[in-house]
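Given next are the chains, with one letter for each unit.
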Amino acid sequence: MVAAAASLNQVLPALVEQYRARADAPRVIVSYGPSGGLRQQVEGGAPIDAVLFAHAAPVDQLIGRGLARADSRAVVATNQLVLVGPRGGPPLTWQTLTRLPEGELLAVGDPGAVPAGHYARQVLQRLGSWEALQGRMIFGGDVSATLAYVRRGEVAAAAVYQTDVRGLEDVVVLDVARGEWAPRVEVVMAVTGQGPGGEGAARKFLLFLASPEARPTWRRFGFGDPSHP
Amino acid sequence: MSEALALEADFRVSVGARSSPFEVTAKLSLDRGVLAVFGPSGSGKSLTLQVIAGLLRPQSGRIRVGGEPLSDSEAKLQVPPHRRRVGYVPQHHALFPFCSVWRNVAFGLPRGERRPDHPVVAGLLHELGLEHLTHAMPERLSGGERQRVALARALAVRPRLLLLDEPFNSIDLAGRRELWGVLRATLARHQTPAVFVTHDPLEAAALAERVVLFERGRSTRSGGPELLEPALELVRGPPQSSGIDTHGS
Amino acid sequence: MNDPVLFPIGLSLQVATLALAAVVVPGVALAWLQARRRYPGWSLVEGLILLPMVLPPSVIGYFLVVGLGRNGALGRLLEDTLGLRLIFTPAAAVLASCVVALPMLVKTLQPALAQVPRELEAAGRTLGLGPLALFFRVTLPVAWRGLVAALVLAFARALGEFGATLMFAGNIPGRTNTMPLEIFSAYQAGDDGRALLYVVTLTVASLAVALLASVLSGYRERR
């Protein structure tokens, strides 16, 4: 059982399929959710063999508490934080967010629990607009929920990953986080070894995810290489 | 009192489930004084009082009090109980448990007159021998005292007609005899005509000038106290009506 | 109340108070109607009152979003005619709380009103009290313990609303983040200290309410 960030719910099924096509591959079950919540589950003793989060912090917290193997930690892919809006909505950029039209909201992931929200807060703090946007930001429980606010037309913009909006017709990318204020979004994995699959099998799957064999699949879904974003 | 009758009522009322309704047909009238509605329990006496008070709507018929129509099925008239000026003392006295004696008595008066020393309130408390209980709560009163308070409360709003439902049911015979005297004197002093329900022929004979007999949901006969004779004989044996004060005025 | 830690406490109290204020008149009227009248459709109304108590909060939230959201029929009507948008506002949190507080109030008050002796009311009516005066001077003074119990339970239910609030009012810090939402967010973030503050606050408040309600209903039974 692998616990994975919600932002990986498109690429991981493809990777799992690719992995299972290998004759000797064991079965892999993936459970998606907000990284913070999944980390809580691991701490609560959930039967999870490995974690795959969109942010290094929750992985490092697990390692710090001895709940994940430090030697298994690796960055497998990178991503980009983007500002998206509904098709036909107001044009906004990271820098002009403070001029959000009256009555409109910005959807971000709950920074404490959702890595995309954590990154969004980092960006807005660096741009000096976090405080000004208080009361204008609605927190999503995970990145899918954050994106759903835009897709239902309830908010003017949302901070999500580039990979989340691939192929979506009703959502447009307004702005990409680039420059020195942009966060480095990394997909980080580690073996927890407290699930039914066994540590060996978990390590084997994670090794596959980091392998050159998996790289084209990551790229196909919009993820960057670990070394250079 | 004008020429108009204190009460004219002629109606049919039906209560209970549609499948097995209990139907009451009543015809009664009173020019002045006291009318006893007499009959066994379950003969429709209490329902009759509730209809006159306006608490139940009759299926058909007419009710007039002091000449004023209060209910008329043909004219689609049904005056609500709070506009009838018809007093009602329910079977279980029903004092307001959260009100002291004087507050109970003053309950129906306009806000400004709700004072223990208001003439109407103080007068009734005095008349009914309740002065020492002015500030007592109902739960501390005896059965007889509660009846007196209920009577004072009903009379305080100067009803054109007073209805009493088995008023002394739960009181021992000695107490009851005393209360009969109190009730008679009070009604006479206030010149308030009254209709009271009872299944006790002694009580009916002691209080009423007119009697209407009820049987199985129907008023069967009406007339003077002589109608009570058969029932009285059952109670006290051979006809020797010496001790009974039939109180003809 | 600009302190981000205290804000959810103040907001929750305001939302619950407003919700209670909004449901008290219709709630008392409904409780009276259901306790005292039998009419065609009585059972249907009874069922509709109970519905929010048996429906999952997420279903209530879904109905609210679908009906009153920006793309909901009623929501669009309100926005077009009155320029009013409810979804993701503190008012939405109040409405979500109203939906769960109303049945609590009605269902607690209804038996108390049904127990008021009819003869007391009959006496009041013949003493010249119209329907309103009768209710305030006879019915309520007899059933006041039931009313207070109903009010505190409804307030507690409003204070604790989570699921429908999250969906309909959203978690907007500084605007709609009531205590239950804050607890969930803090828990997800692993910030147990922050969660604990609100957990303790809500537990103490609910315990006080439960005690008060049980004391009051105990009185009622003893009478």
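Residues numbered from 1 in each chain as written. Chains lettered and ligands numbered in written order. Predicted model: local features only at pLDDT ≥ 70, side-chain atom pairs only at ≥ 80, totals over all residues.

(A) Representation of the sheet that holds strand 4 (residues 74–79) of chain A within the structure. Residues and elements named next belong to chain A. An order of 2-1-3-10-4 is seen for the five strands of this open sheet, with the pairing classed as mixed. Of all the strands in the sheet, just strand 2 (30–33) and strand 4 have a single pairing partner and so form its edges. Direction aside, neighbouring strands of the sheet carry axes that sit 20 degrees apart on average. With four bridges joining them, strand 3 (residues 50–53) and strand 10 (residues 185–191) adopt antiparallel strand pairing. The partner of F53 across the bridge, within strand 10, is V188. Packed onto the sheet, helix 6 (residues 199–210) meets strand 1 (2–5), strand 3, strand 4 and strand 10 and runs at close to 155 degrees relative to strand 10. (Pairing = 2+ DSSP bridges. Helix = DSSP H or I, 4+ residues; strand = E, 2+ residues; numbered from the N terminus. Axes fitted to C-alpha atoms, helices over the stretch in contact; angles between N-to-C directions. Contact = placed C-beta atoms within 7 Å.)

(B) Quick look at the nonpolar core. Among the nonpolar cores identified, the biggest contains 216 residues, and V51, L106 and A158 of chain A, L163 and V195 of chain B together with A101 and A154 of chain C are the most heavily contacted of them. For L106 of chain A, the contacting residues outside a window of four places in its chain are L97, L100, L133, R136, M137, V155, A156, A157 and A158 of chain A. (Core = buried A, V, L, I, M, F, W, Y, C linked by C-beta atoms within 7 Å. Buried ≥ 20, exposed ≤ 12 C-beta atoms within 10 Å, placed from the backbone.)

(C) Inspection of the interface of chain C and chain B at higher detail. At the junction of the two partners, chain C supplies 13 residues and chain B supplies 16 residues. Looking at the side of chain C that touches chain B, the elements that each hand over two or more residues are helix 6 (118–126) and helix 7 (131–160) of chain C. For the side of chain C that touches chain B, the element with the most residues is helix 6 of chain C, which contributes six residues. Of the residues in the side of chain C that touches chain B, the class split is eight nonpolar, three polar and two charged. (Nonpolar A, V, L, I, M, F, W, Y, C, P; charged D, E, K, R; others polar.)

(D) Structural context of the confidence of the model for chain A. For chain A, per-residue confidence averages 88 on the pLDDT scale, and 98% of positions sit at 70 or higher. Predicted confidence in chain A is weakest over helix 2 (residues 35–43) of chain A, with a mean pLDDT of 87, and strongest over strand 6 (residues 106–109) of chain A, with 94. (pLDDT = per-residue confidence, 0-100.)

(E) Main features of the interface of chain C and chain A. On the chain A side, the residues contacting the 19 residues of chain C number 18 residues. Classifying every residue of the side of chain C that touches chain A gives seven nonpolar, eight polar and four charged.

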